[in-house]
Every structure is written in C-alpha cells, then in structure tokens.
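# Descriptive structure summary
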Amino acid sequence: MDARADGGYRATVPWERPYTRLLIVTDALACVVAVGVAYLVRFGGLVEFDLKPVSARPYILMSVLLPLAWVLSMFFGRAYESRFLGGGSEEFRRVLNAAAQLTAVVAVLSYATKAELARAYVLIAFPAALVLTVALRVGARAGLHRLRRAGRCLHRVLVVGAGESAASMIRIAQREPTAGWSVVGVVLDRSPGRHSHDSPERVGFDLLGVPIVGTSESLHTAIAQTAATTVAISPQMDGERLRRLLWMLEGSEVDVLVSSALTDVTGPRISIRPVAGLPLLHVEEPELSGTRRAMKGLFDRSVAAGILLLCLPLLAALALAVRLTSRGPAIFRQVRVGRGGEHFTMYKFRSMYVDAEQRKAALESRNERAEGLLFKMREDPRITRVGKFLRKWSLDELPQLFNVVGGSMSLVGPRPPLPAEVARYEDDVHRRLMVKPGLTGLWQISGRSDLEWDESVRLDLRYVQNWSLAMDFYILWRTMFAVLRREGAY
C-alpha cells in the first residue's frame, strides 16, 4: 500500500501493471505476425493473384502503423482495464469490439483517401490479428490462473456484511481461486446489538477462517489494517449507509463491488433500468425456446455427427477393447431423464462388470457422497481395468454423441439424472429438467465427481438460468482442459 499526501490510504495492486504491459506486448506481437503473414502471402509469391498492386509501399506503411493502431484501439476500447482482466468473457468481447471498430475505421479511411488496398491483404491481416490476440490473451490468462492457484496475483478483498451473505462471498472466493480473491477480513455491516452473535466481542473472531476486523463505522481503519484493494459489500446494506461508505473510500483507489441478492443470474439477462433517478436491475426471463434454441439444436447435432464420423475407428477400437477384456456388451444402456421429465436411453461404453448393480448394495456403506443421492467411490471394485482407463480420459461418454444426434441430449447442459434421483428432487431442483441434459456442462468443468450434490445442482440451475451460445462455446473450450487434467474423473 501507499500513503497519499494527506496521510490517507491508497490501494495498490503490484501485479496489475506488469500483466497489462504483457498484454500490450502480446497484442502488438499478434498484429505484427498477422500483417507479416498477410504481406508475405500477398507479395511473397506464395499465392498467385491475378491483379498486382502498383506499389508495395502503402502495404509496408500499413504493416508498420497497424500494430500501433491495433494497441491504441484496444486501449480506447477499454480492453486493458483491470476489472475486465483475468476472468469472464467481457475482456474478449471488448477485444472483438475494438478490432471491429478499427476495421471499420481503416475501411472508411481507405475509401476516403482513395487508397488502393488489396482485399486479400485486409482479409488476412485483420482476422489473423484478432485470432492471435485472443489466443495470446487466453495463454496469458492461463498463466495468471496458475499463479493464483499458487496464492499469487490476488486481490486483497475485505467483505462487508454479516451472516450468510458474507459467508457466501467467502465460500465463492475459496472455491474459485482463479477468480483472484483473497478475503483478508470481514467487516460487520451494522453496529451489533448487545446480545447479538455479532457483538463487539466477536471482533478478533473469524468467519469461515477469515478474521472479523470491525464494523462499517471503522471501515477505513479496517482497510488500512488489512491492506485491502477491494471491498465487497453484501446486498443487505441500506442505500444511505452504502452512499456514506462510497464517500469514505473516494480517492483511495479501492475497488468497490456490491453483491446482488440475485445469485447465479448473470450476463445479458441483467441490465440497469433507471426509474425516477433510482437505478434498478431489470432481469429478463431465461430464453428456453425460439431461434437461439433452434440454433443450439442444429449446432449440437451437426458437431456431434462430425465428431462421430471422425472418431469411428476410435469408437470401434474402444468397443473391441471392452468386449475382449470382460464379459458383457460393449455399450451400457441406462434410462435417464431428459427435458420435461421424458425418459430416454443413454449410451456409454461399459466400464463396470455386468453384475455391478447387484454388488452395489454391499458397497453402500462406502459411498463417498454423504448426501446419498449419488453413489461414488474413488476405488470402486466394480470398475474393470479398461473401464478405469475409459473413465480417466472420459472416453466412456463418447457414445452419448449418438444421443446428441438423436436429439435426446445436447453437447452442453445439466448432468443427465437417473429416475430415482428425480423422484427425490425438491421443487426448485426440477428446473434442471427445463433443458436437455448435456454431454458436458458447468459440472464437468468444475470438478465432476468431486462436487458436492448441492454444488452440482447450483451449477446446473445457473446454466438453465443463463444459457447462451457463447456460454456453450466457453464450456466446450474448458471441457478439453478439464479432460486433460482428469479432474474428478473416477
């Protein structure tokens, strides 16, 4: 932390500037490579073009100036703002918008100045620069996440709240280390009553292992004491108290985040609607039908069919391995519950011995899932030797692509439940059945079998509430890395 001239506290985040400079360098490098490739293709004789430009000088000038313009467009498009870096899709959306705006500016300027730019050069340079920029930023984010898992490059967060609202924010920070939150203290959002469990004597105690360091009246002291760089405020705080806190933090460069009471509702469903000077959250209904849903179905079936065609030799080899190493069919069929509660037959490669169901009763006492709705064992004796390999690399789930082609499943969605599980669902959990179950989903990229039942349900409900094609692409991308890391695969 730094001291201001008036003796006040000023938050500093040492890792942000080096990380931002790294992104500036990688963005410029991406554009340099892109224009180099475009120039080489257009003028290097790699491809024969019917029309030859009069001079290569404008293209040389463009190749020199474009990387600078590219970085400036990212800067003015706010793609380097710290709040967008390290998590979420907003960073990449801003990169895309900045690239589109620069392309439009170049097109208008070339038309206004009558500059003759070969379309091949432009069609290669700009898309290549965008793809390389995104790829390098993904790599930089992956490196940042590794550092955060090691306890580095974190935001020091002071949670303002009490009870379950504060505990919920702490759990999220502890569960998602890649979010970059290190909760360094809890400040009670009210002056505690004499007989309250949040009494002044609790200062010095902790909440989920995080120390309670004071009340909102002493927030500025608590921030300086913990060297916090971010203050996260629970939704229970009234407007007058929140306004005073914001005034108190002016000039400290401490980021202020206010939690919404609407948990797990994100993205385009939420917007700010001012009414009589009061900013209100407008929440759209989840889109469970219509054009986007039809596009999802078309995408799912076409991609699944393409993967099946490419993987036919692999599928045949795996089926043969299952058949030759244990008695029974290669394909395991099981009734699952799909959209609207309809039953369907789900296909998987058989990874257990044929008498697995009969042996399950004898193993119930060794169930590692305390809630009992699911049966999971890390060292399940019913799994065959080949089955362990299939589960390790999630290859046992490949036949579910036939379910996707047939329309009973999606590539991305909630986990397909058993009828016995659905029979024990509470009312809210039935919302999982509002969409088709998926071959992968938020549960797949968040730990799979390592997840508790409540957490698995929460992730499935979040997907149902916030579904979008962009989210599907993100989950499919993350699934590849989850499979390679073999997280929760047993």
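Rules of the game
- Residues numbered from 1 in each chain as written.
- Predicted model: local features only at pLDDT ≥ 70, side-chain atom pairs only at ≥ 80, totals over all residues.
- Heavy atoms only, no water.
- Phe/Tyr/Trp six-rings, centres within 6.5 Å; stacked < 30°, edge-to-face > 60°.
- Helix = DSSP H or I, 4+ residues; strand = E, 2+ residues; numbered from the N terminus.
- Buried < 20%, exposed > 50% of the residue type's maximum accessible area, 1.4 Å probe, protein only.
- Lys NZ or Arg CZ within 6 Å of the ring centre and 35° of its normal.
- Expected span 1.5 Å × (residues − 1).
- Polar contact = N/O pair within 3.5 Å; in protein donor to acceptor, adjacent residues only side chain to side chain.
- Axes fitted to C-alpha atoms, helices over the stretch in contact; angles between N-to-C directions.
- Parallel < 35°, antiparallel > 145°, perpendicular 65-115°, else oblique.
- Contact = heavy atoms within 4.5 Å.
- Nonpolar A, V, L, I, M, F, W, Y, C, P; charged D, E, K, R; others polar.
- Patch = residues over 30% accessible without salt bridge, like charges linked within 9 Å, V, L, I, M, F, W, Y side chains within 5 Å.
- Areas by Shrake-Rupley, 256 points an atom, 1.4 Å probe, with all protein chains shown as cover.
- Salt bridge = Lys/Arg side-chain N within 4 Å of Asp/Glu carboxyl O.
- Lys, Arg positive; Asp, Glu negative; His and termini not counted.
- Charge placed at Lys NZ, Arg CZ, Asp CG, Glu CD.

Per the counting criterion, the structure on display carries 4 aromatic pairs. Seen from their ring centres, Trp477 and Phe481 are 5.2 Å apart, and the 65° between their planes marks the pair as edge-to-face. Of the two residues, Trp477 and Phe481 both sit in helix α15 (residues 469-485), 4 residues apart, roughly one turn of that helix. Overall, Phe481 belongs to the partly exposed group, its relative accessible area being 35%. Stacked on the ring of Trp467, the Lys or Arg Arg293 has its end atom at 4.3 Å from the ring centre.

Taking 1.5 Å as the rise per residue, α15 with 17 residues should run 24 Å; its terminal C-alpha atoms sit 25 Å apart, in good agreement. Residues Leu469, Met471, Asp472, Ile475, Thr479, Ala482 and Val483 constitute the buried set of α15. Of the residues flanking the start of α15, the one acting as N-cap is Ser468, its side-chain oxygen 3.1 Å from the backbone nitrogen of Met471. Where α15 ends, the next residue or the one after it, Arg486, has phi of about 55°, a positive value.

Turning to the packing of helix α8 (residues 291-310) against α15, a few remarks are in order. It is the contact of α8 with α15, at a shortest axis distance of 10 Å, that shows an interaxial angle of 30°. On the basis of their axis angle, the class for α8 and α15 is roughly parallel. Facing α8, whose interface residues are Arg292, Met295, Lys296 and Phe299, α15 presents Leu469, Asp472, Phe473 and Leu476. Looking at the contact of α8 with α15, its residues break down into 5 nonpolar, no polar and 3 charged.

Now for helix α14 (residues 453-466). With 14 residues, α14 ought to run about 20 Å at 1.5 Å a step, and its terminal C-alpha atoms sit 20 Å apart, in line with that. Taking burial as the measure, the 14 residues of α14 include 11 buried ones, the bulk of the element. When we look at burial in α14, the residues that qualify are Trp453, Glu455, Ser456, Val457, Leu459, Asp460, Leu461, Tyr463, Val464, Gln465 and Asn466. Where the residues of α14 are buried, they touch α5 (163-175), α8, β13 (410-412), α13 (419-423) and α15.

With that settled, the discussion passes to a negative patch on the surface. Together, Glu426, Asp427, Asp428, Glu452 and Asp454 line one region of the surface with negative charge. For Asp454, a relative accessible area of 62% puts it in the exposed group.

For the rest of this paragraph, the subject is the packing of α8 against helix α9 (residues 312-325). Two elements in contact, α8 and α9, have axes separated by 4 Å at closest approach and are oriented at 65°. Classified by the angle their axes make, α8 and α9 are roughly perpendicular. Of α9, the residues touching α8 (which contributes Leu308, Leu309 and Leu310) are Leu312, Pro313 and Leu315. Of the residues in the contact of α8 with α9, the class split is 6 nonpolar, no polar and no charged.

What follows deals with a nonpolar patch on the surface. On the surface, Leu29, Val33, Val37, Leu132 and Leu136 cluster together into a nonpolar patch covering about 360 Å² of accessible area. Residue assignment for the nonpolar patch shows that the elements contributing at least two residues are α1 (16-43) and α4 (119-149). Per-element accounting of the nonpolar patch gives the leading share, 3 residues, to α1. Relative to the elements of secondary structure, Leu136 occurs in helix α4.

The next subject is the side chain of Thr133. Inspection of the secondary structure puts Thr133 in helix α4. For Thr133, the side chain forms a polar contact with the side chain of Trp70, separated by 3.1 Å. Ignoring anything within four residues of it in the chain, the contact list for Thr133 reads Asp27, Ala30, Trp70 and Val95.

On their own, these measurements won't tell you what the molecule is for.
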